[in-house]
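A look at the structure
Residues per chain, in single letters:
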Amino acid sequence: MIKVRDVHKRFGVNAVLDGVTLDVQDGETLALLGPSGTGKSVLLKTIIGLIRPDQGDIDVDGQHVTSLDRDALARLRRRIGYVFQNGALFDSDNVFENIRLGLTDPAEFADGDFARQRVAECLSLVNLQAAVAEKMPAELSGGMRKRVGIARAIAGRPKYVLYDEPTSGLDPVNSDIIDGLIRRLNDELGVTGIMVTHDVRGAFRTAHRIALLTGGRVVAEGTPDEFRSSSNPEVRAFLERDFDLAPLETGTSA
Amino acid sequence: MAAALAQVQQRTGRFVLDGLAAVGRFAALIVEIGRGLAEPKVWLPRTFAEAHNIGIGSLFIVLLISAFAGGVTALQAGYQFTGNIPIYVVGAIVTQSIVLELGPVLVGLILAGRIGARYAAELGTMRVTEQIDALESLGRSPASHLLLPKVLACLLMIPVLVVFADVVALLSGWFAAKQALPITDQDFAYGARVFWRPFDAYYSIIKAAFFALTIGLVSCYYGYMTRFGAAGVGRSTTGAVVSSSVLILLLDLVLAKLLLVP
């Protein structure tokens, strides 16, 4: 279980997180919605210890991320997969080596046969052909890069996977593939997920619970049904902006 | 007036604090790189791959420039030492100036540009595209995977390149002297031997090792600390080359004082 308690983070004069409190139960997928620049990605990075909060506590399975030493943090990270917004694939290594680096157990990493088998499994899980393993990241499309990023994140069989904008920049077909994949990972492998996204449709289809982060705080939390029927004005404003196709103001007059 | 003075004080204070913070970050990075030594299975193969890349990749430019430097040194020595000065002095001047100074410093400056820029740009790009974050998120150490192999590759290959450069510059200097000056092989060899001390060769390699550490650490520091996208990568690359070059010249002076002047 992940418990985020009163987390604050400031960059210069800009308070990005201003007292975030959030729980993620084992086995669930939580979608974190919110406008751009509200600190959703920063929150994910504080959970895995890539960014240190100024104040507050993050507890992952009883371990306090902010007070872990270097080695303990590395061990904890091996139980958390992180899917980066743009894939963050190592561009000097091919897909095979990228996914192999996700094998966080040293013995599994060193075992060439096991690595080949596991990389093939992970590619299959993300609906990519085995031949993709030989390609370099530069040869992949945006959707394939995202899927390889997910394959790398799950290669070490993590308990948690943190998805940072897994469908941003993708066409609807590829977005659906990624959404389906996140759901499958949860259903079939029991992976607990936190998904940062702007894609309201994907969040409603994929997540068990949704949280809305605005102004550096979680202002609403609930199941997709509770969210749909919420009277919270910030939830309404966010959802209606997404679903209503109001005419754009172009700034010119006829 | 008071406001202007306060502004100057504020800027000076900020400059000093920024400088101290940079020194602190550099020291912390060196400690981190040292910790990476605990994972030889990770850094050893990567070190050999890096060493192969920078060694083979730099060999041509190093040999080319050292060949020209050796030839020019011989011709200028011949031009300056005429009249009553015995011609064999050309052999001594060429040997001493190449081994003690030109070989290691020229190679150091060339490689500060070639390797320093490459490492800073590579690491900087990895930083701004979150590849370094990705490595950390997998519980892996950027020090043992990325930084240590680069520093060790520099330490392994740059002294070797300096030895190659010394030899090629000496040969080209000898050849140029014979073509342009009334000097025999015996005169040149006598001149080369008469002021020669075995320590001169060690000094050349010691300097090369210090320059190698400087290039490796400084370029890794700039690349690793990159922020703010493509412009940041550009700043890091320039910073790495300029800082490495200045530190090489500074070290050149310090090492000469410490090791050559009693």
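These notes cover the structure that comes with them. (Residues numbered from 1 in each chain as written. Chains lettered and ligands numbered in written order. Predicted model: local features only at pLDDT ≥ 70, side-chain atom pairs only at ≥ 80, totals over all residues. Heavy atoms only, no water.)

What follows concerns the overall build of chain B. Tallying secondary structure elements over chain B gives 8 helices and 0 strands in all. Element order for chain B, N to C, with α for helix and β for strand: α-α-α-α-α-α-α-α. Principal axes of the C-alpha set define a box for chain B whose edges measure 65 × 60 × 35 Å. Taking all 262 residues of chain B together, 46% fall into the buried category. When contacts within chain B are restricted to residue pairs at least 6 apart in sequence, those whose partners lie at least 24 apart make up 85%. On chain B, roughly 13000 Å² of surface is accessible, and the fraction owed to carbon and sulfur atoms is 72%. (Helix = DSSP H or I, 4+ residues; strand = E, 2+ residues; numbered from the N terminus. Buried < 20%, exposed > 50% of the residue type's maximum accessible area, 1.4 Å probe, protein only. Contact = heavy atoms within 4.5 Å. Areas by Shrake-Rupley, 256 points an atom, 1.4 Å probe, with all protein chains shown as cover.)

The next subject is the layout of surface pockets. In this model, the second largest pocket occupies a volume close to 520 Å³. Residue lining of the second largest pocket: 19 residues in total, with A:Phe109, B:Lys41, B:Val42, B:Arg140 and B:His145 positioned closest to the centre. For the lining of the second largest pocket, the elements supplying multiple residues, two or more each, are helix H3 (95-100) and helix H4 (106-110) of chain A together with helix H2 (40-80) of chain B. Examining the composition of the lining of the second largest pocket, we find that 4 residues originate from one element, H2(B), more than from any other. Along the lines of polarity and charge, the residues of the lining of the second largest pocket split into 7 nonpolar, 3 polar and 9 charged. (1 Å grid on protein atoms, 1.4 Å probe; cavity = no way out; pocket = protein on both sides within 12 Å on 5 of 7 lines; lining within 4 Å. Points joined across faces, edges and corners; volume = space filled by probe spheres on them. Nonpolar A, V, L, I, M, F, W, Y, C, P; charged D, E, K, R; others polar.)

Here we come to the packing of aromatic side chains. Geometrically, a pair of aromatic rings is defined through the distance of the ring centres and the angle of the planes. Applying the stated rule across the entire model yields 6 aromatic pairs over all chains. On the basis of an interplanar angle of 80 degrees and a centroid distance of 5.6 Å, the ring pair of B:Tyr221 and B:Tyr222 is categorised as edge-to-face. Using a relative accessible area of 10% as the deciding quantity, one classes B:Tyr221 as buried. Given a relative accessible area of 26%, B:Tyr222 falls into the partly exposed group. Over the ring of A:Phe90 we find A:Arg152; its NZ or CZ atom is 4.7 Å from the centre of that ring. The residue whose ring lies beneath B:Lys150 is B:Tyr119, and the NZ or CZ to ring-centre distance is 5.3 Å. (Phe/Tyr/Trp six-rings, centres within 6.5 Å; stacked < 30°, edge-to-face > 60°. Lys NZ or Arg CZ within 6 Å of the ring centre and 35° of its normal.)

Residues and elements named next belong to chain B. The end-to-end C-alpha separation of helix H1 (residues 2-36) is 51 Å, in line with the 51 Å expected for 35 residues at 1.5 Å each. Here H1 has its buried residues at Leu29, Ile33 and Gly36. Buried positions along H1 lie against H2, helix H5 (142-180) and helix H7 (198-224). (Expected span 1.5 Å × (residues − 1).)

So, about unusual backbone geometry. Phi angles above zero are rare outside glycine, and A:Asp61 is one such case at about 50 degrees. Considering the arrangement of structural elements, one finds A:Asp61 in the loop between strand S4 (55-60) and strand S5 (63-64). Note on A:Asp61: relative accessible area 30%, which makes it partly exposed. The phi angle at B:Phe228 is positive, at roughly 70 degrees, despite the residue not being glycine. Mapped onto the fold, B:Phe228 is located in the loop between H7 and helix H8 (229-260).

Another aspect to go through is the sheet that holds strand S2 (residues 14-24) of chain A. Residue and element names in this part refer to chain A. Spatial ordering of the open sheet is given by S2-S1-S4-S5, a layout of 4 strands whose pairing is antiparallel. The open sheet has two edge strands, S2 and S5, and neither has a second partner. Where helix H1 (residues 40-47) meets the sheet, it contacts strand S1 (2-11), S2 and S4, and its direction lies at approximately 60 degrees from that of S2. (Pairing = 2+ DSSP bridges. Axes fitted to C-alpha atoms, helices over the stretch in contact; angles between N-to-C directions.)

As a general point, the strands of a sheet are linked pairwise by backbone hydrogen bonds and lie either parallel or antiparallel. All names here are of chain A. One open sheet accounts for 6 strands, arranged S6-S7-S8-S3-S9-S10; its pairing is mixed. Edge positions in the sheet fall to strand S6 (80-83) and strand S10 (217-222), since each of these pairs with one other strand and no more. Looking at each pair of strands side by side, their axes are set apart by 15 degrees on average, direction ignored. Strand direction decides the pairing type here: strand S7 (residues 160-164) and strand S8 (residues 192-196), joined by 5 bridges, are parallel.

Let us now look at the interface of chain B and chain A. Opposite the 17 residues of chain B that make contact, chain A presents 22 residues. Summing the contributions of chain B and of chain A, the shared interface buries around 1600 Å²; its carbon and sulfur component is 51%. Area buried by chain B at its contact with chain A is led by B:Ser137, B:Leu138 and B:Arg140, which between them contribute 35% of it. Linking chain B with chain A are 4 salt bridges, by the criterion used here. As a salt-bridge pair, B:Glu130 and A:Lys45 come within 2.5 Å of each other at their nearest N and O atoms. (Buried area = accessible area lost by both parts, 1.4 Å probe. Salt bridge = Lys/Arg side-chain N within 4 Å of Asp/Glu carboxyl O.)

Right, let's get into the packing of H2(B) against H5(B). Helix-helix packing is described using two parameters, namely the angle between the two axes and the distance between the axes. Residues and elements named next belong to chain B. For the pair H2 and H5, interaxial distance at closest approach is 5 Å and the crossing angle is 20 degrees. Our classification of the angle between H2 and H5 gives roughly parallel. Two packed elements cross with a definite hand, and for H2 against H5 that hand is right-handed. (Parallel < 35°, antiparallel > 145°, perpendicular 65-115°, else oblique. Left-handed = near helix turned anticlockwise from the far one by under 90°.)

Another aspect to go through is a nonpolar patch on the surface. All names here are of chain B. Judged by side-chain polarity, Phe199, Tyr202, Leu247, Leu250, Leu253, Val254, Leu258, Leu259, Leu260 and Val261 come together as a nonpolar surface patch covering roughly 920 Å² of accessible area. When residues in the nonpolar patch are grouped by element, the largest group, 7 residues, is from H8. Following the sequence through the fold, Leu259 ends up in helix H8. (Patch = residues over 30% accessible without salt bridge, like charges linked within 9 Å, V, L, I, M, F, W, Y side chains within 5 Å.)

Take the environment of A:Met136 next. Residue and element names in this part refer to chain A. Structurally, the position occupied by Met136 is in the loop between helix H5 (112-125) and helix H6 (142-154). Judged by its relative accessible area of 30%, Met136 is partly exposed. Distance from Met136 to Gly62, taken between C-alpha atoms, is 39 Å for residues 74 residues apart in sequence.

What follows concerns the pattern of salt bridges. Scanning the entire structure with this criterion turns up 30 salt bridges over all chains. Between B:Glu122 and B:Arg118 there is a salt bridge, with its nearest N and O atoms 4.0 Å apart. Within this pair, B:Glu122 and its partner B:Arg118 are both found in helix H3 (residues 89-128), separated by 4 residues, close to a single helical turn. A residue is classified by how much of its surface remains accessible, and B:Arg118, at 31% relative accessible area, is partly exposed. Among the ionic pairs, B:Lys178 bridges to B:Asp185, the shortest N-O distance being 3.1 Å. Of the residues examined, B:Asp185 reaches a relative accessible area of 32% and is grouped as partly exposed. Several salt bridges share partner residues, and in doing so they unite A:Asp26, A:Asp61, A:Arg79 and A:Lys159 into one network.

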